[in-house]
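Per-entry structural report
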Amino acid sequence: MLTKRMFSALAGAAILAAATTGAAAQTVLRSTDIHPTDYPTVEAVRHISKLLEERTKGRIKINVFHSAQLGNEKDTIEQTRFGVIDLNRINMAPFNNLIPATNVPSLPFIFRSVEHMRKVMDGPIGDSILKEFEKHDLVGLAFYDSGSRSFYNSKRPINTPADMKGMKIRVQQSDMFVALVSALGANATPMAFGEVYSALQTGVIDGAENNWPSYESTKHFEVSKFYSLTEHSLSPEVLVMSKRSFDKLSKEDQEIMKAAAKESVAKMRELWDAREKASEAKVKAGGAVINAVEKQPFIDAMKPVYDRFVTDPALKDLVAKIQAVK
Ligand code: GTR
């Protein structure tokens, strides 16, 4: 849904605007992110802009809209497909219902570690998933880290799936995440990221799930202090470009864009690793109660999720390939 605020943010700005600055026309790409201005994903896209400006002698740059100025993730997907937004840094989960292959890296416990995730997403498997976006008017440019997602709630520490029975847990707008939470005996409530704080505060929901930096930046720890280290999903972030906008670039500029996006991954990870530590310290100082969790009962409970979402032979093959990466 387009809100008034989003309309005014979009109004008047020509997309891929060829504003004439002196002799050379300049292309200003519009990029969206729901995170605040100092978040590693936002900084990473600014880094791409810097590389683009250098490499095109200022012909191309990116205007990075942060803090959901252009809307929540689910809505911005449509706008990116139509070319109203040129670039979108977003999690894989909101794509799960649209692009079947994106379910795979979001699956619970599919990755053994961050290193495993990075190796898979940086290699041919990751590239094959990026390619899937093209069938949906998008160009997949790069994957970014999102750490691991754990459950937090305002009631009690979660040690076993039984502790989650009947809890109302916010999830991203993805059927796979709904199934994940349901398989643990809780009630999943899909909701936009920006609505979660007040839903926690008013008791509309009991909890949610996210990584350290999002738990901290949203201040959810203030209203939902039990953070239980289930680390159930490493669902990565992705940077996509509107195919319409991409096709307007020259072949040479398309290559510059692709290379700059890939190069930004290292920069993002450097910022991410530091931010994870800082956020963990901040929520602990802010009163969050953290507990370690024995993961096996959670892993065992995920069979119905795999049974339902990994039925297609191509997805089965993708899961097997990921598991085979050492
Ligand atoms: C964050 C992720 C966002 C969004 C958010 C959410 O970790 O970076 O893109 O998916 O979680 O839970 O909605």
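Analysis parameters
- Residues numbered from 1 in each chain as written.
- Predicted model: local features only at pLDDT ≥ 70, side-chain atom pairs only at ≥ 80, totals over all residues.
- Heavy atoms only, no water.
- Helix = DSSP H or I, 4+ residues; strand = E, 2+ residues; numbered from the N terminus.
- Buried < 20%, exposed > 50% of the residue type's maximum accessible area, 1.4 Å probe, protein only.
- Polar contact = N/O pair within 3.5 Å; in protein donor to acceptor, adjacent residues only side chain to side chain.
- Phe/Tyr/Trp six-rings, centres within 6.5 Å; stacked < 30°, edge-to-face > 60°.
- 1 Å grid on protein atoms, 1.4 Å probe; cavity = no way out; pocket = protein on both sides within 12 Å on 5 of 7 lines; lining within 4 Å.
- Points joined across faces, edges and corners; volume = space filled by probe spheres on them.
- Nonpolar A, V, L, I, M, F, W, Y, C, P; charged D, E, K, R; others polar.
- Near = heavy atom within 4 Å.
- Areas by Shrake-Rupley, 256 points an atom, 1.4 Å probe, with all protein chains shown as cover.
- Sits in = over half its atoms within 2 Å of the grid points.
- Axes fitted to C-alpha atoms, helices over the stretch in contact; angles between N-to-C directions.
- Left-handed = near helix turned anticlockwise from the far one by under 90°.
- Contact = heavy atoms within 4.5 Å.
- Expected span 1.5 Å × (residues − 1).
- Pairing = 2+ DSSP bridges.

Before going further, it helps to examine the environment of Lys168. With respect to the helices, strands and loops of the structure, Lys168 is situated in strand β7 (residues 168-171). Lys168 sits in the partly exposed class, given a relative accessible area of 37%. Note: C-alpha distance between Lys168 and Val204 (36 residues apart in sequence) is 7.9 Å. Looking at Lys168, its side chain comes within polar contact range of the main-chain oxygen of Val204, at 3.5 Å.

Going through the model one piece at a time under the given rule, you end up with 7 aromatic pairs. Measuring from ring centre to ring centre gives 4.9 Å for Phe95 and Phe133, while their planes differ by 85°; the resulting arrangement is edge-to-face. Of this pair, Phe95 sits in the loop between β4 (87-91) and α4 (103-106) while Phe133 sits in the loop between α6 (124-132) and β5 (138-144), placing them 38 residues apart in sequence. The residues Phe95 and Phe133 share a single accessibility class, namely buried. Centre to centre, the rings of Tyr215 and Tyr227 are 4.6 Å apart; their planes meet at 25°, and the pair counts as stacked. With Tyr215 in helix α9 (residues 212-217) and Tyr227 in strand β10 (residues 226-233), the pair connects residues that are 12 residues apart, well separated along the chain. Each member of the pair, Tyr215 together with Tyr227, is buried. Members of the aromatic cluster, connected to one another through ring pairs, are Tyr152, Trp212, Tyr215, Phe221 and Tyr227.

By rolling a water-sized probe across the atoms, one finds the places where empty space is left. Approximately 250 Å³ is the volume attributed to the largest pocket. Phe111, Arg112, Ser113, Glu231 and Leu234 are, among the 16 residues lining the largest pocket, the residues nearest its centre. Elements supplying a minimum of two residues to the lining of the largest pocket: α5 (114-122) and β10. By residue class, the composition of the lining of the largest pocket is 7 nonpolar, 6 polar and 3 charged.

On to the site of the ligand. Surveying the vicinity of the ligand reveals 14 residues, the closest of which are His35, Glu73, Gln172, Asn210 and Glu237. The separation between an oxygen atom of the ligand and a polar side-chain atom of Glu73 is 2.5 Å. The side chain of Arg89 places a nitrogen or oxygen atom 2.9 Å from an oxygen atom of the ligand. Considering the ligand on its own, with 320 Å² of exposed area, one finds that the protein chains cover 98% of that surface. Structurally, the ligand is housed in the largest cavity. Partitioned by chemical class, the residues of the shell around the ligand number 2 nonpolar, 7 polar and 5 charged.

For the rest of this paragraph, the subject is the packing of helix α2 (residues 40-55) against helix α12 (residues 251-285). Closest axis-to-axis distance for the α2/α12 pair is 8 Å, and the angle between their directions is 145°. Classified by chirality, the crossing of α12 by α2 is right-handed. Facing α2, whose interface residues are Pro40, Thr41, Glu43, Ala44, His47, Ile48, Leu51, Leu52 and Arg55, α12 presents Ile256, Met257, Ala260, Ala261, Glu263, Ser264, Lys267, Met268, Leu271, Trp272 and Arg275. Across the contact of α2 with α12, the residue classes tally to 12 nonpolar, 3 polar and 5 charged.

A word on α2. Each α-helix turn comprises 3.6 residues. Residues three or four places apart therefore point the same way. With 16 residues, α2 should cover 22 Å at 1.5 Å per step; its first-to-last C-alpha distance of 22 Å lies within 8% of that length. The first or second residue beyond α2 is Lys57, which carries a positive phi of 55°.

Tallying each qualifying case throughout the model produces 1 cavity of 30 Å³ or more. The calculated volume of the largest cavity comes to roughly 180 Å³. As for the largest cavity, its lining consists of 20 residues, of which Ile34, Glu73, Arg170, Gln172 and Phe193 are closest to the centre. Only α3 (73-82) and β4 provide two or more residues apiece to the lining of the largest cavity. Its residues assigned to classes, the lining of the largest cavity comprises 5 nonpolar, 9 polar and 6 charged.

Bringing the pairing of β10 into the picture now. With respect to burial, β10 is a largely interior element, 6 of its 8 residues being buried. As judged from the 4 bridges shared by strand β6 (residues 149-153) and β10, these two strands associate in the antiparallel manner. Opposite Phe151, over in β10, you have Ser228 as the bridge partner. Relative to strand β12 (residues 289-292), β10 is paired through 4 bridges, and the arrangement is parallel. Its bridge partner being in β12, Tyr227 is matched across the sheet by Ile290.

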